[in-house]
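# Breakdown of the fold
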Amino acid sequence: MPPFSSPRSRGSLKGFTLIELLVVIAIIAILAGLLLPALSRAKDRAQLTRDISNVKQILVSQHMYSTDNNDYMPHPTWGGVDGTANGGPDGWGYAVANRGRIADAPAYIQSCAGAGFNSVQFSNQVKFFRISQLGPYLTTHQVLYCPKDISQMGSGKFKTWFTARWVKLSSYCFNGTIGGYCGPKAGGITSGKTYRTSDFIATDIILWEQNETDGFYFNDLGNNPETPGEIVSQRHAGNEAYTGNVNRGGGAMVGRVGGHAGFIKMGQFMAFVRAGSVRPNEILNGPGYK
């Protein structure tokens, strides 16, 4: 019979010391700190891919609308033909006034301001989208959202920003130059009319992800880039600590007349806006410049 093995002494049993445990935790924290930004960037790139698809769909619908309307572009939904908040023409993303077209909705979309996606007011905004100029060409209002915008708007400052939006139908806005609201030919168009697609060149930017840091910038879905704050968002490829108009290196998706969707940083966008006499340019564009 083989001899019994002697039991190990208590002194030979070893475990992790507190210092060793703290070192392991520190290493894990360092690795996580290195990995999480990479994962965040990968997620951002995936969202940008979806973003590009959305913008291209909107641009295709814009061209379809223009083809059906003697080359005139859809309205960027700023202002009103009678000078009031209630009046005005239908726009690219929503109709301003019901005019008897929706049996179970308010007379004007301004009555549909709500706190979030689940509100009755928001469901009414969707109804006004369906009778918008591009509504019949788009399969769903969901194509009007940047996927990163959707993922952020449920928490923290992003939720506060989203709740303050009056029009919650879209992450994007149209350039006011389409209707002569701003740019080299500002004031040239009145009564809700727009310029033709042929009045622009292919590289002119007519659509961008709107700056979400102030709900006022979503009082409609058309904006003037010469107005402080009505500029491109910084939700992509930058520092998520951004707020207001301070450049943190981020940017957003834009759409061009020729149908191209691409990324632009806020700094580059602002360089066009501040170009002074160097006009027209990709942002401050308009008819008569080719």
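Let us look at the structure shown here. As the structure is a computational prediction, the values presented were derived from the model and not from experiment. (Residues numbered from 1 in each chain as written. Predicted model: local features only at pLDDT ≥ 70, side-chain atom pairs only at ≥ 80, totals over all residues. Heavy atoms only, no water.)

### Here we look at the overall build of the chain
A tally of regular secondary structure across the chain gives five helices and five strands. Counting from the amino terminus, the chain carries its helices and strands in the arrangement α-α-α-α-β-β-β-β-β-α. In the chain, buried positions account for 46% of the 290 residues. When the accessible surface of the chain is split by element, carbon and sulfur atoms take 59% of a total near 14300 Å². (Helix = DSSP H or I, 4+ residues; strand = E, 2+ residues; numbered from the N terminus. Buried < 20%, exposed > 50% of the residue type's maximum accessible area, 1.4 Å probe, protein only. Areas by Shrake-Rupley, 256 points an atom, 1.4 Å probe, with all protein chains shown as cover.)

### Focus on the sheet that holds strand 2 (residues 205-209)
Strand order in the open sheet made by the five strands is 3-1-2-4-5, with mixed pairing throughout. Looking at strand neighbours, the two that pair on one side only are strand 3 (222-223) and strand 5 (261-265), the edges of this open sheet. Pairing between strand 1 (residues 172-175) and strand 2: three bridges, direction antiparallel. Each residue of the ladder has a partner; that of Cys173, found in strand 2, is Trp208. (Pairing = 2+ DSSP bridges.)

### Considering the environment of Phe272
One can find Phe272 in helix 5 (residues 266-273). On the basis of relative accessibility, which here comes to 17%, the residue Phe272 falls in the buried class.

### Looking at unusual backbone geometry
With phi around 55 degrees, Asn70 is a residue other than glycine that occupies positive phi space. Here Asn70 is to be found in the loop between helix 1 (18-68) and helix 2 (120-130). Phi is positive for Asp71, close to 75 degrees, though the residue is something other than glycine. Turning to its location among the elements, Asp71 is positioned in the loop between helix 1 and helix 2. Residue classification places Asp71 among the partly exposed residues on the basis of a relative accessible area of 24%.

### Re the side chain of Lys127
Position of Lys127 among the secondary structure elements: in helix 2. Relative accessible area serves as the criterion here: at 18%, Lys127 is assigned to the buried category. Those residues in contact with Lys127 that sit more than four places away from it in its chain are Ile102, Asp104 and Ala105. (Contact = heavy atoms within 4.5 Å.)

### Some remarks on the pattern of salt bridges
Throughout the structure, instances matching the rule amount to eight salt bridges. For Asp90, the salt bridge identified is with Arg101, shortest N-O distance 2.8 Å. Of this pair, Asp90 sits in the loop between helix 1 and helix 2 while Arg101 sits in the loop between helix 1 and helix 2, and the two are 11 residues apart along the sequence. Owing to a relative accessible area of 15%, Asp90 belongs among the buried residues under this scheme. (Salt bridge = Lys/Arg side-chain N within 4 Å of Asp/Glu carboxyl O.)

### What about the packing of aromatic side chains?
All told, the structure shown has 10 aromatic pairs when counted by the stated rule. Consider the rings of Trp208 and Phe269, whose centres lie 5.2 Å apart with planes at 70 degrees: the pair is edge-to-face. In this pair, Trp208 is assigned in strand 2 and Phe269 in helix 5, connecting sequence segments 61 residues apart. Neither residue differs from the other here; Trp208 and Phe269 are each classed as buried. Grouping aromatic residues by their ring pairs yields a cluster made of Phe117, Phe122, Tyr145 and Phe162. Above the plane of the ring of Tyr242 lies Lys157, whose end atom (NZ or CZ) is 5.4 Å from the centre. (Phe/Tyr/Trp six-rings, centres within 6.5 Å; stacked < 30°, edge-to-face > 60°. Lys NZ or Arg CZ within 6 Å of the ring centre and 35° of its normal.)

### Some details on the pairing of strand 5
The pairing of strand 4 (residues 251-256) with strand 5 spans five bridges and is antiparallel. Bridging across to strand 5, Gly255 finds its partner in Ala261. Count of turn residues in the strand 4/strand 5 antiparallel hairpin: four residues, of which Gly259 carries a positive phi of about 100 degrees.

### Observations concerning the pairing of strand 1
Judged from the two bridges that link them, strand 1 and strand 3 form a sheet pairing that is parallel. Directly across from Asn175, in strand 3, lies its bridge partner Asn223.

### Looking at helix 4 (residues 156-163)
Of the residues making up helix 4, those classed as buried are Phe158, Trp161 and Phe162. Each buried residue of helix 4 sits inside an arc of 95 degrees when the element is viewed along its axis, so together they form one side. Of the exposed residues in helix 4, the ones pointing more than 90 degrees away from its buried face are Gly156 and Thr160. The inward-facing, buried residues of helix 4 abut helix 3 (147-152). (Arc of directions from axis to C-beta.)

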